Amino acid sequence: MASPFLLEHIVQERNLSHNTQQSYRDTWTIFLPFIGDETRVQLDRLKVIDLTAGRVRAFLTHLEQSRRVSVSTRNQRLAAIHALARFISEHSPQHVAWSGEIRAMPFKKAIRKLVSFLEKPEVEALLKVPDRNTAQGQRNYALLLFLYNTGARVSEAANLCIGDLDLATRKPLIASVRIVGKGAKLRRCPLWEKTALELARLVQGRQEKERVFLNRRREPLTRFGIHNLIHVCAAQASKTTPTLAEKPVSPHVLRHSTATHLLRAGVDLNTIRSWLGHVSIDTTQIYAEIDLETKARALEKCNGADHGRPTQTSPPEIMQFLRKL
C-alpha cells in the first residue's frame, strides 16, 4: 500500500507540494524500520495489522526521546501516518476500524515560542559582511538583501528562477518578484530599487530558466547552502555587533525581521500577510505580539488621548534605513 500512496496518491491525485511529498517519504523511511524492529518482521513482509496504534505511539515517543525532534516535527510524522491510514481505508474497507483507531490519535499541543528577529543595526551589520568586490561576495550580498526585502522562505529563495524576476526600476514601473510559496501558491512581492539593481547585476547575461542563486560550481544553491552562508556571515558580523552572537540567525529569522520592521514602519498586518504569503492573518499576528516597540507606541497614543496631548507617528524607519544601503 505504501508504494501506490507515495507514487500515485500524494503526487498525482492530491498534487501535494514537493516538500510535503519529501516529508511523507522521510516519515516512512524512519517509521517502517522502527516497526520492523518492534515486530521482528522483514520490511517486505509487514502487514497493515502490524501498524497498531500502540506501535505508532511508541514510534512517536521514540521520535521525541531518542531522536529529540520538536513537537511540530512529531506532529508532521503523525500527519503522514494519518494520511496513509485514510488512504488504506478508502481502498480496503476491511481496515476501516483500524484506520479509525490510527486517525483518532491526537496531535500534541506545542508551546508556541516567541519568534526571534534582528534589529535594524544587526541587519545592517549582516549586510556589511560580504566582500562585494568579488563575484561570491556580490552573490552573498544580493541573497541577503533579497531575503530581507521579500521575507522569502529559504526554499523559495533556493528555487527562484531568473524568469521570476521583473527588474524594471524606472518609475512608474516597480520591480517585483514572483514567488512560488507553500502549496504552490503564487504571490508577487515588490523589490526595492537597491535589491533590483543587485539582482540585475547578478543575473546579467544568463538564461531565464536558470536559478538566480548559484554556488561556485554554477549549480543552484541548496537550502542547506543558504543556511550555512547566513551562519558564516552572522559569525563574522558578531565580531562588530556582539548581540548577533546571542541570536540564532537563520533565513527564517531574516523573514521574521522583515515582518517586524514592516510593522514598525506602519504597514498593516493584512499587507504583511500578503507580503510573506501567509494563508491566515492569525499567523501574521505573532509579529504584533513580539514587537515591544510597536506596543510602546500604542501605549503612548493611549496616554496621549487620555491627557489630551497630540500623538506622534513614528517615521517609516525601514525606508530611511534602506536608503542608506
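Residues numbered from 1 in each chain as written. Predicted model: local features only at pLDDT ≥ 70, side-chain atom pairs only at ≥ 80, totals over all residues. Heavy atoms only, no water.

Participant: Run through the overall build of the protein, naming residues and quoting values.
Facilitator: Along its length, the protein carries 16 helices and 3 strands. Split into buried and exposed, the 325 residues of the protein put 42% on the buried side. At a minimum sequence separation of 6, the contacts of the protein that also span at least 24 residues come to 63%. (Helix = DSSP H or I, 4+ residues; strand = E, 2+ residues; numbered from the N terminus. Buried < 20%, exposed > 50% of the residue type's maximum accessible area, 1.4 Å probe, protein only. Contact = heavy atoms within 4.5 Å.)

Participant: Provide a residue-level description of the sheet that holds strand S2 (residues 176–180), including the pertinent values.
Facilitator: Read from one edge of the open sheet, 3 strands run S1-S2-S3, paired in antiparallel fashion. At either margin of the open sheet sits one strand with a lone partner, and together these are strand S1 (165–166) and strand S3 (186–190). Alignment of S1 against S2, held across 2 bridges, turns out to be antiparallel. Opposite Leu 165, over in S2, you have Val 177 as the bridge partner. (Pairing = 2+ DSSP bridges.)

Participant: Please set out the environment of Ser 116 residue by residue, giving values where relevant.
Facilitator: With respect to the secondary-structure elements, Ser 116 resides in the loop between helix H5 (96–103) and helix H6 (120–127). Overall, Ser 116 belongs to the partly exposed group, its relative accessible area being 24%. Between the C-alpha atoms of Ser 116 and Leu 254, which are 138 residues apart in sequence, the distance is 9.1 Å. Sequence-distant contacts of Ser 116, that is, excluding residues within four places in its chain, are made with Lys 247, Pro 248, Val 253 and His 256.

Participant: If you had to explain the pairing of S3 to someone new, which residues and values would you point to?
Facilitator: Here S3 shows one buried face, formed by Arg 187 and Cys 189, and one open face, formed by Leu 186, Arg 188 and Pro 190. In this antiparallel pair of consecutive strands, S2 and S3, the connection spans 5 residues, and Gly 183 shows a positive phi of 65 degrees.

Participant: So, the nonpolar core: which residues are in play, and what are the values?
Facilitator: Counting residues in each nonpolar core, the largest one holds 52 residues, and the members touching the most others are Leu 126, Phe 146, Val 212, Phe 213 and Ile 226. Sorting elements by how many residues they give to this core places helix H7 (residues 135–150) first, with 8 residues. Those residues within four positions of Leu 126 in sequence are excluded, and the remaining contacts are Leu 118, Leu 144, Cys 233, Ala 234, Ala 237, Val 249 and Leu 254. (Core = buried A, V, L, I, M, F, W, Y, C linked by side-chain atoms within 4.5 Å.)

Participant: Break down the packing of helix H11 (residues 251–264) against helix H12 (residues 269–276) for me, with residues and values.
Facilitator: Their axes nearest at 10 Å, the elements H11 and H12 cross at an angle of 155 degrees. Relative to H12, H11 is oriented roughly antiparallel. H11 and H12 meet at a crossing whose hand is right-handed. Only Leu 269, Ile 272, Trp 275 and Leu 276 of H12 make contact with H11, whose side of the interface consists of Arg 255, Thr 258, Ala 259, Leu 262 and Leu 263. Of the residues assigned to the contact of H11 with H12, the class counts are 7 nonpolar, 1 polar and 1 charged. (Axes fitted to C-alpha atoms, helices over the stretch in contact; angles between N-to-C directions. Parallel < 35°, antiparallel > 145°, perpendicular 65-115°, else oblique. Left-handed = near helix turned anticlockwise from the far one by under 90°. Nonpolar A, V, L, I, M, F, W, Y, C, P; charged D, E, K, R; others polar.)

Participant: Residues and numbers for unusual backbone geometry, please.
Facilitator: Look at Arg 68: it is not a glycine, yet its phi comes out positive at around 55 degrees. Following the sequence through the fold, Arg 68 ends up in the loop between helix H3 (53–65) and helix H4 (71–91).

Participant: Can you tell me about the pattern of salt bridges, naming the residues and giving the values?
Facilitator: Under the defined criterion, the tally for this structure stands at 12 salt bridges. As a salt-bridge pair, Arg 187 and Glu 156 come within 2.9 Å of each other at their nearest N and O atoms. Of this pair, Arg 187 sits in strand S3 while Glu 156 sits in helix H8 (residues 154–158), placing them 31 residues apart in sequence. No difference in accessibility class separates Arg 187 from Glu 156, as the two residues are buried. A salt bridge links Glu 210 to Arg 206, with the shortest nitrogen-to-oxygen separation between them at 3.4 Å. On the basis of relative accessibility, which here comes to 28%, the residue Glu 210 falls in the partly exposed class. What emerges from the salt-bridge pattern is a single network uniting Arg 132, Lys 194, Glu 198 and Arg 201. (Salt bridge = Lys/Arg side-chain N within 4 Å of Asp/Glu carboxyl O.)

Participant: Lay out H5 in plain terms, naming residues and giving numbers.
Facilitator: Where H5 is concerned, the buried positions are Trp 98, Ser 99 and Ile 102. Seen along its axis, H5 keeps its buried residues to an arc of 100 degrees; they face one direction. Residues of H5 that are buried make contact with H3 and H4. (Arc of directions from axis to C-beta.)

Participant: Please give an account of the pairing of S2 that cites residues and values.
Facilitator: Regular strands show a simple pattern: their side chains alternate between the two faces of the sheet. Relative to S3, S2 runs antiparallel, the two being bridged by 5 bridges. Bridged to Val 180 within S3 is Leu 186.

Participant: An account of the packing of aromatic side chains is requested, with residue identities and associated values reported.
Facilitator: All told, the structure shown has 5 aromatic pairs when counted by the stated rule. For the pair Phe 146 and Phe 213, a centre-to-centre distance of 5.8 Å together with 55 degrees between the ring planes defines the contact as tilted. Linking Phe 146 in helix H7 with Phe 213 in the loop between helix H9 (193–203) and helix H10 (223–237), this pair joins segments that are 67 residues apart in sequence. Across from the ring centre of Phe 117, 5.9 Å away, lies the NZ or CZ of Lys 247, which sits over that ring. (Phe/Tyr/Trp six-rings, centres within 6.5 Å; stacked < 30°, edge-to-face > 60°. Lys NZ or Arg CZ within 6 Å of the ring centre and 35° of its normal.)

Participant: So, the packing of H7 against H9: which residues are in play, and what are the values?
Facilitator: Two elements in contact, H7 and H9, have axes separated by 9 Å at closest approach and are oriented at 140 degrees. In terms of axis orientation, H7 runs oblique to H9. Here H7 and H9 pass one another in a crossing that is left-handed. Taken together, the residues of H9 that come into contact with H7 (itself represented by Gln 138, Arg 139, Tyr 141, Ala 142, Leu 145, Phe 146 and Asn 149) are Lys 194, Thr 195, Glu 198, Leu 199, Arg 201 and Leu 202. Looking at the contact of H7 with H9 residue by residue, the class counts come to 6 nonpolar, 3 polar and 4 charged.

By themselves these figures say nothing about function.
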